[in-house]
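The residues making up each chain are set out below.
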Amino acid sequence: MTREPRKRPEPPGGPGRPSRLGRLGWLGRLGRLGRLGRRLARRLSARTLRGRLALVALVTSALWVAVLTTAFNLALDSRLRAQADDVLRTKAEAVATTVEVRPDGRLVVHEPAQDQALDTGVWIYQGRRAVESPPGAPPALRRSADALAGRAGAFAEVSEPSATRLYALPVRGPDGSRAGTVVASVGLDPYRSTADTALVASVVLGALLLCAVYPLTRLVVRRALRPVGAMSAQAAQWSEEGAARRFGTAGRPAELTALAASLDELLDRLAAVLRHEQQQAAELSHELRTPLARITAEADWLTARPRGAAERRAAHEAIAGAAATMRQICDSLLSEARTREAPVPGRCRLPELTGALAARVTADHPQAPPVLARAAAGTPAGAMITAGVSAAVAERILMPLLDNARRYAVRSVVIEYAAVPGAVEVSVVDDGPGVPEEFVPSLFEPGRRAAPGDGHDGAGLGLALARRLARAAGGDIGLERAGGGSGARFTVRLPAG
């Protein structure tokens, strides 16, 4: 007995159509592609700004490509459908011109010389009866045409055996009454093939575009961020070398100008903080050395051999005096850190600072000559002159000068401020006897006083500490006018803010 080969069953949708199982297989493949895309996205999750910007550009481009592809294919499908409808109307109207309605109501079809194009896919009905029909029309198509008989301007579609669209056009008699119907058909396969080709082409084009967007965006962002990388390398080099250079804003793109200005301001503040810390350490180590050496010497002298009561009392007084000097030095050097108002030392406006100092000194010492603050001659009215040090540091520099001027002034003390190229200057002027010429060389030495017996309790440290503070801040103090009875003029030069 011979066994016939088993025939493969047709899919539920008929020959040429994918089965539900096939569609589920495609869905499974799409799901795997989706999972692969998510894993790829996790691997591509950028840890750098360049990668993040590239991913943002890729996602944005993908959304726009999807929207534009969908809109294009929907518009193309609508346009192709409209073209098919126009072809049906033109074909039905052309056939209707060949149909004559006799007075008795019969339809007579006049055959033109070349009617192959008109006869293809055209039915002519009188009532529900087909007067003329295309030979070999599929049953499903013939039934759809019969259903349109007697209807006016109606469309219908048939999917078996191939996609076909039909249109019904009424045929009017001489009196305008309806005498019959022309049903025209056109195959939709060419239109759908065009739509499918356009869909595949747009998807492929979009995919190629997205494949190019990511590397191109990374390249563009890398080129755009190249100045930022150069600035980072410069900042790292400057931090290693301790250079005081700055970026500046000249010759930079507009987007980097604000960044360069912010970095320069930050570097200025860091430099001010560093100067502040270095100044405190240097002042403590330098100024405490002398009284500490005196205490050590007095202690060694006391323990070297037995001393009398008077000698011990003198040594104790010397040690107590040195300890008091050390305390005064510590108080002077640490008061700036305790009383500063700004969280980070760095800048202050001289008109406001000098005015406040003049008012405070005048109020604290009403019996002394008044203190006035004003801009120097030639300074524009309302000019905002800013020093590159904190208000507390500037105050610690100016207060010893104001104390000396207040002690020796006769009628008034004047504080003048002005801006000079690359810096600012503050002068403290009094109308007292001035500084003796022989004392000028040792004026800024710690512990030196021009008149030790003048009655005030200073330790001779004010001018020395003020000068050290000014130099630590990148400036200096100088005596411009000494003796001669015309008063003294001390000028403080500080970095511009």
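Cut-off values and rules
- Residues numbered from 1 in each chain as written.
- Predicted model: local features only at pLDDT ≥ 70, side-chain atom pairs only at ≥ 80, totals over all residues.
- Heavy atoms only, no water.
- Helix = DSSP H or I, 4+ residues; strand = E, 2+ residues; numbered from the N terminus.
- Expected span 1.5 Å × (residues − 1).
- Contact = heavy atoms within 4.5 Å.
- Buried < 20%, exposed > 50% of the residue type's maximum accessible area, 1.4 Å probe, protein only.
- Pairing = 2+ DSSP bridges.
- Patch = residues over 30% accessible without salt bridge, like charges linked within 9 Å, V, L, I, M, F, W, Y side chains within 5 Å.
- Areas by Shrake-Rupley, 256 points an atom, 1.4 Å probe, with all protein chains shown as cover.
- Salt bridge = Lys/Arg side-chain N within 4 Å of Asp/Glu carboxyl O.
- pLDDT = per-residue confidence, 0-100.
- Axes fitted to C-alpha atoms, helices over the stretch in contact; angles between N-to-C directions.
- Arc of directions from axis to C-beta.
- Core = buried A, V, L, I, M, F, W, Y, C linked by side-chain atoms within 4.5 Å.
- Parallel < 35°, antiparallel > 145°, perpendicular 65-115°, else oblique.
- Left-handed = near helix turned anticlockwise from the far one by under 90°.
- Nonpolar A, V, L, I, M, F, W, Y, C, P; charged D, E, K, R; others polar.

**A closer look at helix H5 (residues 189-224)**
Working step 1: The end-to-end C-alpha distance of H5, which contains 36 residues, comes to 51 Å, matching closely the 52 Å that a straight helix rising 1.5 Å per residue would cover.
Working step 2: Where H5 is buried, its residues touch helix H2 (49-96) and strand S7 (178-187).

**Considerations on the pairing of strand S3 (residues 122-126)**
Working step 1: Taken across its five residues, S3 has four buried, putting it largely inside the fold.
Working step 2: Sheet topology note: the S3/S7 ladder contains four bridges and is antiparallel. Residue Val122 lies in a different strand from S7, and its bridge partner there is Ala184.
Working step 3: As defined by bridge partners, S3 adjoins strand S4 (residues 129-132) across three bridges and the pair is classed as antiparallel. Directly across from Tyr125, in S4, lies its bridge partner Ala130.
Working step 4: If you look at the hairpin formed by S3 and S4, you'll find two residues sitting between the two strands, and Gly127 has a positive phi there, around 75°.

**Quick word on a nonpolar patch on the surface**
Working step 1: Together, Leu49, Leu53 and Leu225 make up a nonpolar patch on the protein surface, roughly 230 Å² of accessible area in all.
Working step 2: Inspection of the secondary structure assignment puts Leu49 in helix H2.

**Some details on the confidence of the model for the protein chain**
Working step 1: Residues of the protein chain with pLDDT of at least 70 account for 77%, and the chain-wide mean is 77.
Working step 2: For the stretch residues 1-24, pLDDT sits under 50, and the model shows six contacts to residues farther than four places along the chain or on other chains.
Working step 3: Overall, residues 339-344 carries pLDDT values under 50, and its contacts beyond four positions in sequence, including any with other chains, amount to five contacts.

**A few points about the sheet that holds strand S5 (residues 155-158)**
Working step 1: Taken together, five strands build an open sheet; the order of strands is S4-S3-S7-S6-S5 and the sheet is antiparallel. Whereas interior strands pair on both sides, the edge strands pair on one side only; in this sheet they are S4 and S5. Pairwise comparison of adjacent strand axes, ignoring direction, gives a mean angle of 30° for this sheet.
Working step 2: Sheet topology places S5 next to strand S6 (residues 164-172); four bridges connect them, and they run antiparallel. What sits directly across from Glu157, in S6, is Arg165.
Working step 3: In the packing of helix H4 (residues 139-148) onto the sheet, the strands contacted are S3, S5, S6 and S7, and the crossing angle to S6 comes to about 35°.

**What to know about the pattern of salt bridges**
Working step 1: Taken as a whole and assessed by the stated rule, the structure comprises 15 salt bridges.
Working step 2: Note that Glu416 and Arg374 form a salt bridge whose closest N and O atoms lie 2.9 Å from each other. Here Glu416, found in strand S11 (residues 413-420), pairs with Arg374, found in strand S9 (residues 371-375); they are 42 residues apart in sequence, far enough to count as distant.
Working step 3: Residue class for Glu416 comes out buried when judged on its relative accessible area of 14%.
Working step 4: With its nearest N and O atoms 3.4 Å apart, the salt bridge here joins Arg489 to Glu480.
Working step 5: A relative accessible area of 52% means that Glu480 is categorised as exposed.
Working step 6: Connected via shared salt-bridge partners are Arg81, Asp85, Glu157, Arg165 and Arg192.

**What to know about helix H10 (residues 350-364)**
Think of an α-helix as 3.6 residues a turn; residues three or four steps apart then line up on the same face.
Working step 1: A rise of 1.5 Å per residue sets the reference length of H10, with its 15 residues, at 21 Å; its end C-alpha atoms lie 21 Å apart and thus fit the reference within 8%.
Working step 2: Within the span of H10, buried status applies to Leu350, Leu353, Thr354, Leu357, Ala358 and Val361. On an axial view of H10, the arc spanned by its buried residues comes to 130°, and they lie on one face. Residues of H10 that are exposed and point more than 90 degrees away from the buried face comprise Glu352 and Ala363.
Working step 3: Buried residues along H10 sit in contact with strand S8 (348-349), S9, strand S10 (386-387), helix H11 (391-408), S11 and strand S12 (423-430).

**Looking at the nonpolar core**
Working step 1: Leu350, Ile397, Leu402, Ile477 and Phe490 are the most contacted members of the largest nonpolar core, which totals 39 residues.
Working step 2: Listed by contribution, the elements that provide at least two residues to this core are H10, H11, S11, S12, helix H12 (462-472) and strand S14 (489-495).
Working step 3: The element best represented in this core is H11, accounting for eight residues.
Working step 4: Grouped together as the second largest cluster of nonpolar side chains are 25 residues, Val99, Tyr167, Ala184 and Leu188 included.

**Describing the packing of H10 against H11**
Working step 1: Two elements in contact, H10 and H11, have axes whose closest approach is 11 Å; the angle formed by their N-to-C orientations is 40°. Taken as axis vectors, H10 and H11 run oblique relative to one another. Judged by the sense of rotation from one axis to the other, the crossing of H10 with H11 is right-handed. The segment H10 lies against H11, with Leu353, Leu357, Arg360 and Val361 engaging Ala391, Ala394, Glu395, Leu398, Met399, Leu402 and Arg406.

**Let's talk about the packing of H11 against H12**
Working step 1: One way to put it is that H11 packs onto H12 with a least axis distance of 8 Å and a crossing angle of 150°. For the element pair H11 / H12, the angle class is roughly antiparallel. As H11 packs across H12, the resulting crossing turns out to be left-handed. From H11, Arg396, Ile397, Pro400, Leu401 and Asn404 reach across to H12, where they touch Gly462, Leu463, Ala466, Leu469 and Ala470.
Working step 2: Among the residues forming the contact of H11 with H12, the class breakdown is seven nonpolar, two polar and one charged.

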